[in-house]
Amino acid sequence: MNLTLKVWRQSGPDDEGRLVRYEIEDVSPDMSFLEMLDVLNERLILAGDDPVAFDHDCREGICGMCSMMIDGVAHGPQKNTTTCQLHMRHYKDGDTIVIEPWRARPFPVVKDLVVDRSAFDRIIQAGGFISVPAGSAPDAHAMPVPKVDADDAFDAATCIGCGACVAACPNGSASLFTAAKITHLGLLPQGQPERGSRARAMVEQMDEEGFGGCTNTGECTAVCPKGIPLDTIARMNADYLRASRKSG
Amino acid sequence: MTATIDRGKATEPVTQIPSRPRRSRRRVSSNSLKAVMAVSGAVLVLFLVLHMAGNLKIFAGAESFNGYAAWLREVGYPLLPHRGLLTLLEAGLVVAIAAHMYSAIVLARRAANARPVKYAAKVKSRADGYATRTMRWGGVIVFFFVIYHLLDMTFGVANPEGHEATPFDRMVAGFDPSRWYITVFYVISVVMVGLHLRHGLWSALQTLGLARRYPVLKASAAGLSALLTLGFLVVPLAITFGVVR
């Protein structure tokens, strides 16, 4: 199939950037979205142009590197799917696809479609440590965890930190990401000693980075490739408010 | 023996983008501002429930309606001064509205600041609909409606009967069939209030960390908003269509 791409090109953080139009022929429906961009880049290189910079790593939907706003939807039209797992069979001949980087002040564009997501790392860092004996492996079943909590904690832990939640949020809020991390530790016994201080520090770091506040629009969970549910945000809010009440 | 391993480009230091300088001024967290919005919103919802109940007394006749209005001013007397409790409640409402609006404005500004460069493609909403997207501007419209409503029904400035008339007369005159456009304006505004509540009710519980079982929660929020909207609409419509005169 033949497609028209409108790709955000920006040579560096200080460049203004613009959408550039590319016509690309003979796209196989079996290609992944990133493979389609690989083909575009091969052709750009052959033509002596600068290839489109985009983040990618595992290409199997688990690393969280790929990050593209495709036609105004983070990770494109497939639900619960990262860009790398989106395939061209969902498009048809003659389609025009607009590809942009995540847009948020805390995610500055490095080049083209690549944004710097180290704000997420700093939120994680603000969470600090958990108090567990790190020496020998613990005895099996020494620490009982209710099945429901284990499942919910695991669901939250599947967050790959891709930033789609921020990209889709009309407020540029990182609440779903932060809430997933807070929930995954907060539901488990190992996470209890620092539960309050962790929630507080991470929420405050999220503000510090310049992310907006949550207005419960649910756009984040709708585009999340891992389907992190909105109730993680309720848990974050509860933990944060409880911790704030305790320590003033 | 020494081995030199050349890892090439892969291990070259990457030029770091400097992180933004930390703000020295400590701000109120967005979560705390949202909690303020949730609590002040809850106060306003409680008020709306009482307000609606009071309005519906119009169907019990002028005496009942005016009696209720007079009672509001005399409740607790002589322990409380004349209009004592009412003034206290009014002050509470003003504080709630001010807190709600202040938080909303600060949060909206932070949100705008969090996305300085907009998307070129139209961002497709994949989640909740109209009610959620109209919270901010809907809130502004409701605010202006409340101002007009106070001028109309409380101060009587925008009411044909004026301030000296009984509450019943003011109400009936205000929604007289000849003033059908006022009724239309009220209907639109009350529907805006209903939409605001539809998202606001469950959102408040979410913000306070109390949200559970979302389908039930959202359905209840929609149900309660619909109930309040209908309860408020039935009075002006009944007057305009001549059921109450």
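Please read these numbers as outputs of a predicted model, since none were measured by experiment.

Engineer: Explain the overall build of chain A here, please?
Structural biologist: Secondary structure assignment for chain A yields 8 helices and 7 strands. Reported as C-alpha extents along the three principal axes, the dimensions of chain A are approximately 60 × 40 × 35 Å. Relative to its 248 residues, chain A shows a buried fraction of 54%. Contacts in chain A between residues far apart in sequence, at least 24 positions, make up 68% of those at least 6 positions apart. Charge centroids of chain A, computed over 24 positive and 35 negative side chains, lie 6 Å from each other.

Engineer: Mind showing me how you'd approach the nonpolar core here?
Structural biologist: Grouped burial of nonpolar side chains is what soluble globular proteins tend to show. Residues and elements named next belong to chain A. The biggest cluster of nonpolar side chains holds 74 residues, and the ones touching the most others in it are Phe-120 and Phe-211. Taken domain by domain, this core gets at least three of its residues from each of domain 1 (3-110) and domain 2 (117-247). Beyond its immediate chain neighbours, meaning those up to four positions away, Phe-120 contacts Phe-107, Gly-161, Gly-163, Cys-165, Val-166, Ala-174, Phe-177 and Phe-211. Counting 27 residues, the second-largest nonpolar core is a separate cluster that includes Met-31, Leu-44, Cys-66 and Ile-97.

Engineer: Looking at this structure, how should I read the interface of chain A and chain B?
Structural biologist: For an interface, size is often stated in terms of accessible area lost upon the parts coming together. Listed per partner, the contact involves 54 residues of chain A and 43 residues of chain B. Buried area between chain A and chain B, both sides added, is near 3,800 Å², and the carbon and sulfur share of it is 49%. At the junction of chain A and chain B, the tally comes to 29 residue pairs in polar contact (both at pLDDT 80 or more). Listing elements by their share of the side of chain A that touches chain B, those giving two or more residues are strand 5 (96-100), helix 4 (164-168), helix 6 (195-208), helix 7 (219-223) and helix 8 (231-247) of chain A. When residues of the side of chain A that touches chain B are assigned to their parent elements, the largest contribution, 8 residues, is made by helix 8 of chain A. Here the residues of the side of chain A that touches chain B sort into 28 nonpolar, 13 polar and 13 charged.

Engineer: Quick question: what am I supposed to make of the sheet that holds strand 3 (residues 69-70) of chain A here?
Structural biologist: For sheets, the rule is that strands pair by backbone hydrogen bonds, running either parallel or antiparallel. All names here are of chain A. Reading across the sheet, the 5 strands line up as 2-1-5-3-4 and stay open at both edges, with mixed pairing between neighbours. Of all the strands in the sheet, the pair left with one neighbour each is strand 2 (18-24) and strand 4 (73-74). In this sheet, strand 5 lies alongside strand 3 in antiparallel orientation, the contact comprising 2 bridges. If you follow Met-69 over to strand 5, its bridge partner there is Glu-100. Each of strand 1 (3-9), strand 2, strand 3 and strand 5 touches helix 1 (residues 33-46); the most contacted strand, strand 2, lies at about 90 degrees to it.

Engineer: Please clarify how the pattern of salt bridges should be interpreted in this entry.
Structural biologist: Side-chain pairs of opposite charge can arise whenever the charged atoms involved come near each other. Residues and elements named next belong to chain A. According to the stated counting rule, one finds 14 salt bridges over all chains in the structure shown. Note that Asp-55 and Arg-117 form a salt bridge whose closest N and O atoms lie 3.1 Å from each other. Pair noted here: Asp-55 is in the loop between helix 1 and strand 3 and Arg-117 is in the loop between strand 7 (114-115) and helix 2 (118-127), with a separation of 62 residues, a long-range link. When sorted by exposure, Asp-55 lands in the same class as Arg-117, which is buried. It is possible to trace a salt-bridge network through shared partners that takes in Arg-9, Asp-50, Lys-111 and Asp-112.

Engineer: Explanation requested: the packing of aromatic side chains in the structure shown.
Structural biologist: Two aromatic rings, taken as a pair, are described by how far apart their centres are and by the angle between their planes. Inspection of the entire model under this criterion finds 16 aromatic pairs over all chains. Here the aromatic rings of Tyr-68 of chain B and Trp-71 of chain B are separated by 6.2 Å at their centres, their planes lie at 25 degrees, and the arrangement is stacked. Highlighted residues: Tyr-68 of chain B and Trp-71 of chain B, both in helix 2 (residues 62-74), separated by 3 residues, approximately one helical turn. Note on Trp-71 of chain B: relative accessible area 49%, which makes it partly exposed. Against the face of Trp-8 of chain A rests Arg-103 of chain A, its NZ or CZ located 4.3 Å from the ring centre.

Engineer: Which parts of the structure should I look at to understand the environment of Met-31 of chain A?
Structural biologist: Residues and elements named next belong to chain A. In this fold, Met-31 is placed in the loop between strand 2 and helix 1. Residue classification places Met-31 among the buried positions, given a relative accessible area of 15%. Along the sequence, Met-31 and Leu-86 sit 55 residues apart, while their C-alpha atoms lie 8.8 Å from each other. Apart from residues lying up to four places away in sequence, Met-31 is in contact with Asp-26, Met-36, Val-39, His-87 and Met-88.

Engineer: I tried to follow a nonpolar patch on the surface on my own but got confused; where do I start?
Structural biologist: Residues and elements named next belong to chain B. A cluster of nonpolar side chains, contributed by Ile-97, Met-101, Ile-105, Trp-137, Val-140, Phe-143, Phe-144, Ile-147, Leu-150, Leu-151, Phe-155 and Val-157, occupies part of the molecular surface with about 1,100 Å² of accessible area. Looking at the nonpolar patch, the elements with two or more residues in it are helix 3 (84-114) and helix 5 (135-154). By residue number, the principal contributor to the nonpolar patch is helix 5, which donates 7 residues. By secondary structure assignment, the location of Leu-151 is in helix 5. Taking relative accessible area as the criterion, Leu-151 reaches 35% and is therefore assigned partly exposed.

Engineer: Help me out: how do you make sense of the environment of Leu-197 of chain B in this one?
Structural biologist: Residues and elements named next belong to chain B. Within the secondary structure, Leu-197 sits in helix 7 (residues 180-207). Through-space distance from the C-alpha of Leu-197 to that of Ala-120 is 32 Å; in sequence the pair is 77 residues apart. With near-sequence residues (within four places) excluded, Leu-197 lies in contact with Val-45, Leu-48, Ser-225 and Leu-228.

Engineer: What should I look at first to understand unusual backbone geometry in this one?
Structural biologist: Excluding glycine, a negative phi dihedral is what most residues carry, and trans is how most peptide bonds are arranged. Residues and elements named next belong to chain B. Following Tyr-77, the chain continues to Pro-78 via a peptide bond in cis, the omega torsion being 10 degrees. Tracing the backbone shows Pro-78 in the loop between helix 2 and helix 3. For Arg-213, which is not a glycine, the phi torsion comes out positive at approximately 45 degrees. With respect to the helices and strands, Arg-213 occurs in the loop between helix 7 and helix 8 (214-240).

Engineer: Could you clarify how one ought to interpret the domain arrangement of chain A in this entry?
Structural biologist: All names here are of chain A. With domains assigned, chain A is organised as domain 1 (3-110) and domain 2 (117-247). The distance between the C-alpha centroids of domain 1 and domain 2 comes to 29 Å. Facing the 20 residues of domain 1 at the interface are 20 residues of domain 2. A per-residue breakdown of the area domain 1 buries against domain 2 is headed by Asn-80, Pro-106 and Phe-107, which together make up 36% of the total. Linking domain 1 with domain 2 are 1 salt bridge, by the criterion used here. Our enumeration of links across domain 1 and domain 2 arrives at 5 residue pairs in polar contact (both at pLDDT 80 or more). Class assignment for the residues of the side of domain 1 that touches domain 2 results in 11 nonpolar, 7 polar and 2 charged.

How each quantity is defined
Throughout this description, residue numbers start from 1 for each chain and increase along the sequence as written. Chain letters start at A and ligand numbers start at 1, both assigned in the order the entries are written. Whole-chain, interface and lining totals are the exception, using all residues; otherwise, since this is a predicted model, local features are given only for residues with pLDDT of at least 70 and side-chain atom pairs are given and counted only at 80 or more. Computation of side-chain values: all heavy atoms of the structure, hydrogens and water removed. Every helix listed is a DSSP run of H or I at least four residues long, and every strand listed is a run of E at least two residues long, numbered separately from the N terminus. Each residue is assigned to one of three classes by its accessible area relative to the maximum for its type, calculated with a 1.4 Å probe on protein chains only: buried under 20%, partly exposed between the two thresholds, exposed over 50%. Contact criterion: two residues are considered in contact whenever any of their non-hydrogen atoms come within 4.5 Å of each other. All tallies of charge rest on Lys and Arg as positive and Asp and Glu as negative; His and the ends of each chain are not included. By convention, the point assigned to a charge is CZ for Arg, NZ for Lys, CD for Glu and CG for Asp. As used here, the term nonpolar core means buried Ala, Val, Leu, Ile, Met, Phe, Trp, Tyr and Cys residues forming a set that is joined through side-chain atoms within 4.5 Å. Domain delimitation in this document rests on an assignment produced automatically or drawn from a domain database. What counts as buried area is the accessible surface, traced by a 1.4 Å probe, that two parts surrender upon association, with contributions from both included. Any N or O atom pair separated by 3.5 Å or less is treated as a polar contact, with the protein-specific requirement of one donor-capable and one acceptor-capable atom, and with residues adjacent in sequence counted only for side-chain atom pairs. Amino acid classes used here: Ala, Val, Leu, Ile, Met, Phe, Trp, Tyr, Cys and Pro are nonpolar; Asp, Glu, Lys and Arg are charged; the rest, including Gly, are polar. The criterion for strand pairing is that DSSP finds at least two bridges linking the strands in question. The angle between two axes is taken between their N-to-C directions and runs from 0 to 180 degrees, where each axis is a line fitted to C-alpha atoms and a helix contributes only its stretch in contact. Any Lys or Arg side-chain nitrogen found within 4 Å of a carboxyl oxygen on Asp or Glu counts as a salt bridge. Aromatic rings from Phe, Tyr and Trp, with only the six-membered ring used for Trp, were paired whenever their centres fell within 6.5 Å, and each pair was classed as stacked if the ring planes differed by under 30 degrees, edge-to-face if by over 60, and tilted otherwise. A ring is considered to have a charge above it if a Lys NZ or an Arg CZ atom is located within 6 Å of its centre and within 35 degrees of its normal. Only residues whose relative accessible area exceeds 30% and that form no salt bridge enter a patch; like-charged residues are grouped when within 9 Å of one another, and nonpolar side chains (Val, Leu, Ile, Met, Phe, Trp, Tyr) when within 5 Å. Residue-level accessible areas treat just the shown protein chains as cover; the underlying method is Shrake-Rupley with a 1.4 Å probe.

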